[in-house]
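Listed below, chain by chain, are the residues.
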Amino acid sequence: MTMSFPRQHARTRRFTLGVPRALTVAPDGDRIVFLRTGSGEDPVTCLWRYDVAAGTETLLVDPRKLDVDENNLPPEERARRERTRESAGGIVRYGTDKACRQAVFALAGQAYLADLSTGAVRELPTAEQPVVDPRLDPTGTRIAYVAGRALRLLDLESGADWAVAEPEGPQITYGLPEFIAAEEMGRMTGYWWAPDGLALLVARVDETPVVQWHIADPANPDRDTNTVAYPAAGTPNAVVELAVLTVDGGRTAVDLGDYHYVAAAHWGSDLLVVTQTRDQRTMRLLAVDPASGASTVLREDHDPAWLDIVSGLPGRTESGRLVWSGDSAGTHRLLIDGEPVTPADLQLRSVLAIDGEAVLFSASSEPTEADLYRWEPTGLTRLATGGVHSGQMAGGTTVIAVQRLDLAGQQTTVWRDGSEVGVIASLAQQPSIAPPRVDLIKAGTRELRTAVLLPTGHEPGSGLLPVLLDPYGGPHAQRVTAARAGYLTSQWFADQGFAVVITDGRGTPGRGPAWERAVAGDLAGPVLEDQIDGLHAAAERYPELDLNRVGIRGWSFGGYLAALAVLRRPDVFHAAVAGAPVTEWRLYDTHYTERYLGDPTLDPEPYDRCSLLPDAGKLTRPLLLIHGLADDNVVAAHTLRLSSALLAAGRPHSVLPLSGVTHMTPQEVVAENLLLLQVDFLVKALGGP
C-alpha cells in the first residue's frame, strides 16, 4: 500500500533523510568524508567516505554498532540540535584533522575517534562526561571538548586529560556559543584551534545578566521546568569575552575594543575576529596578536540600517589575501583585499571554501537561484547555474550539490580538474505525490518572485479554486526558489483542492541590501502588502483563483504573517493557520529583533506598530493558532498572550497546543497530523473547489 504523503513527509523528515551532507574534501582532493542516513526512512546518520579515483563509497561508522542510547543526549547537545534544526539522530556533526585522516564525533555524550582510512573506531577515555562539541586539533594529536561547562583537552597518545578553562560561576561556560550566536548569527562554536594545535581561541560566556525564562511541561507537572537564559529585545545579553589559551596552561585576554557581539572568528595564517555593535550598524574585522591579545582594526564597516554576517567569512587565501564582503552599487559583493571582484548585478550569498588562491562561493543575479562561482587571481568562473547550489572544494576536487525544479531531490556530483568524475548517491525517498507543478512569475511593479501551484490534473475553466497563501515572507529565508523540494508540501495542499500562492516580498534575501532593508522599522506593513500584491498578480494570470475564499498558513515568521493577515486585512484573507507565531516582538531575541526594529527601551513605536496584541479586537475570520509548548525560540507565551487578548475581546479562535514539541516538529505522528488538521480547518473555513 502506498504511504500517504503526510505520513511519508513526516517519516522522511521532509525528505531530508538519505541526502548526503556535511561534506569535507581532503586537502589532496583524493577523498570526501560526508554524513548520510542509510535510507530515506532511516533516522540514524552515519559517517561515509567517497574515494574520488575509484568512484566508490565506504560506510565508515554506523552508530548502531556502537551500542549507544541516542535518547540520552546532554542538554547542550539538544540545544545545539534545536538551533541547527537537526531532526535526524546518530552522527550529526564531526570534525577532522587538517589532513582529513581522523574524525571525532560525540554520541550520547561520549566521544569517539574514527580512522578515515580503515574505518576503525574507538571510544575515547575522556575524564569528564557528557562530552559536547569534540574537535580534533589540526595536527591530529589532541581533541578539545566541552564538559561541565569547562573546555578540556585529551591527548590521544598519552591519554592525559585536563581543563584549560573552568567556569567561575554557575552561569559561565567556556567553549560554547551563547543562544543568539547559535540561533541568529550562525556561529555554532565557542572555540577555534590554532593551526599548530598548541593554542585555542576560546569564548567565555557569562549569562548572569540575562533574564531567566522558565519553560514548563504542562502535560507532565511533576517535571522540572526548563530554565533558559533568553535575551529578549531590549534586555541584557550575555557577556562574551575571548582569550587565547595554550595547551600548557597559558592564558591571554583578547582586546575586543568597543564591541557587543562576537560574530565570527578564523584562525589561519593569522587570527581574525569579527565584532558588531549592539545596533549592528558597525562591524569590525580585527587582527589579533595571539601572544599579547592586542587587536588591530583591519576594516570597520558602517550601514545606517544594519550589516549582515556572511557565512564562511572572514578568511585568507594561501598567499594572505583577505577574503571579505561589502555592499556597493546596491549589491552584496565579494571583496579580495578590499576590492570587489564580483560584478554589481551578482548578489553574494555565502563563501563555501578557500583552497590555495581560489575562493568558492554561491551568488545570484536571479533571486530564485543560487549559482556556484570560483574566484581566482586570473578571474571569475561560474561553475554551475540553473537551480540552488552549494559545494566544497580542496586539492583540485570540487563537490557540487544542486536542487532544481526538474530534479526530484538533491544531486551531488564530484568534479576533478574541471570534469565530472562521479556522483555521491542520494538515498532519499521519492515523494508519493506527482511532481509539483510550479509556475514562477514576477508579480506586480516590484516584480515579486511568486510561485503558483494548482491541483495535479487541473484544467483551466474547470471551476474556481479556494486560494491558500503559503509564505515565510520575512528576513533570513526564501520560499520561492528554483528547487522542487521546496514545493512538495505546497503541492500536496494544492492537490487537496487549493490554488497555492507563495510570494517572497521585501525583506527576504537574494535581491540586495535595499530590498532587505525595506523592512527596517516595520516588519508588518511591507511584508503584508507584498503578499496581497503577489496574490492579486497571480489571480490576474489565473482566473480560477477565487479571491472570495483566501486562506493563509505559515510557521514562525510565516505564522506571524498569517495571523497579521486576518487581523489587519480581513477584506482579503478569510482564514489563517498561524504556527509558532511571533505575536509580540518584545518577546523575541535581541540580535534578530533589534536589527529590524531597534531597541524598544529607546524607541517603542516600531514594536507597538508590529505587535499583534492590540489588533486582537479586529479578528472576524477563523484563526487557528498552533504552538509547541517546549519551544525555546518562539516561546509559547506568544500564542498564549494573543489567545488571551482575543478572549478578552470576545473573538472566537482555535488553539492547538503541542505538548513536548519545540520550534521543530520532527515527531512523526505530530508532523503527519499537523498537515491533516490544517487541511481540515481550511476546508471548513473556505470550502472545497
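The rules behind these values
- Along each chain, residue indices are assigned from 1 in the same order as the chain's sequence is written.
- Reporting of local features is limited, given that this is a predicted model, to residues whose pLDDT is at least 70; pairs of side-chain atoms are given and counted only at 80 or more, and all residues count toward the totals for whole chains, interfaces and linings.
- The side-chain values count all of the structure's non-hydrogen atoms but skip hydrogen atoms and water molecules.
- The helix and strand labels rest on DSSP assignments: H or I over at least four residues marks a helix, E over at least two residues marks a strand, and numbering proceeds from the N terminus.
- The globule rule is 2.2 Å times the number of residues to the power 0.38, and the radius of gyration it is compared with is taken over C-alpha atoms.
- What makes two residues a contact is simply this: any of their non-hydrogen atoms within 4.5 Å.
- With residues, only the protein chains shown are counted as cover, and all accessible areas are computed by Shrake-Rupley using a 1.4 Å probe.
- In this tally, Lys and Arg are treated as positive and Asp and Glu as negative; His is ignored, and so are the chain termini.
- By convention, charge coordinates are those of NZ in Lys, CZ in Arg, CG in Asp, or CD in Glu.
- By this definition, two strands are paired if DSSP reports at least two bridges between them.
- Between the N-to-C directions of two axes lies an angle of 0 to 180 degrees, each axis being a line fitted to C-alpha atoms and, for a helix, fitted only over the stretch in contact.
- Expected span, for any helix, means 1.5 Å times one less than how many residues it has.
- Throughout this description, buried means an accessible area under 20% of the type-specific maximum (1.4 Å probe, protein chains only), exposed means over 50%, and partly exposed covers the range between.
- Here, the arc refers to the directions that run from the helix axis to the C-beta atoms.
- Among the buried residues, those of types Ala, Val, Leu, Ile, Met, Phe, Trp, Tyr and Cys that are joined through side-chain atoms within 4.5 Å form a nonpolar core.

S.K.: Residues and numbers for the overall build of the protein, please.
M.R.: Along the backbone of the protein there are eleven helices and 44 strands. Relative to its length of 689 residues, the protein is compact, with a C-alpha radius of gyration of 25 Å against a globular reference of 26 Å. In terms of overall dimensions, the protein has a C-alpha envelope of 75 × 55 × 55 Å along the principal axes. A separation of at least 24 residues holds for 58% of the contacts in the protein among residues at least 6 apart in sequence. Element-wise, carbon and sulfur atoms account for 50% of the exposed surface of the protein, whose accessible area totals about 25,900 Å². When the 61 positive and 87 negative side-chain charges of the protein are each reduced to one mean point, those points stand 4 Å apart.

S.K.: Tell me about the environment of L625, and name the residues and values.
M.R.: Structurally, the position occupied by L625 is in strand β43 (residues 623-628). Spatially, the C-alpha atoms of L625 and I433 are 28 Å apart, while their sequence positions differ by 192 residues. Aside from chain neighbours lying at most four places away, what touches L625 is A578, P581, T639, L642, S643, L646, H653, S654, V655 and L656.

S.K.: Describe the sheet that holds strand β24 (residues 295-302), and please don't skip the residues or the numbers.
M.R.: The strands making up a sheet are joined through hydrogen bonds of the backbone, oriented either antiparallel or parallel. Taking strand neighbours across the sheet as the criterion, the four strands line up as β21-β22-β23-β24 in an open arrangement whose pairing is antiparallel. Two strands in the sheet have a free side with no partner beyond their single neighbour: β21 (261-267) and β24. In this sheet, adjacent strand axes meet at a mean angle of 20° when their direction is disregarded. Direction of pairing for strand β23 (residues 282-288) relative to β24: antiparallel, over a ladder of seven bridges. Bridging from a neighbouring strand, V288 pairs with S295 of β24.

S.K.: Kindly report on helix α10 (residues 637-648), identifying the contributing residues and their values.
M.R.: Under the 1.5 Å per step criterion, the end-to-end length of α10 is 16 Å for twelve residues, consistent within 8% with the ideal 16 Å. Taken residue by residue, α10 has H638, T639, L642, S643 and L646 as its buried positions. Along the axis of α10, the buried positions cluster into a sector of 125°, meaning they face one direction only. For α10, the exposed residues set more than 90 degrees away from the buried face come down to L647 and A648. Its buried side turned inward, α10 meets β43 and β44 (654-658). Of the residues one or two after α10, G650 is the one with positive phi, at around 70°.

S.K.: How would you sum up the sheet that holds strand β29 (residues 347-355)? Please name residues and give values.
M.R.: Taken in spatial order, the four strands line up as β29-β30-β31-β32 in an open sheet, and their pairing is antiparallel. The open sheet has two edge strands, β29 and β32 (379-384), and neither has a second partner. Across the sheet, the axes of successive neighbouring strands diverge by a mean angle of 30°, strand direction being ignored. Looking at chain direction, β29 and strand β30 (residues 358-364) are connected through seven bridges and run antiparallel. Looking at β30, one finds that D355 is bridged to A358.

S.K.: Describe the nonpolar core, listing the residues and the values that go with them.
M.R.: Counting residues in each nonpolar core, the largest one holds 66 residues, and the members touching the most others are L545, Y560, F573, W585 and L623. The greatest single-element share of this core, amounting to nine residues, is contributed by helix α7 (residues 557-568). Setting aside its immediate chain neighbours within four residues, L545 contacts L454, L465, V467, A499, V501, A538 and A539. Ranked by size, the runner-up nonpolar core spans 27 residues in total, among them A451, L488, L624 and L674.

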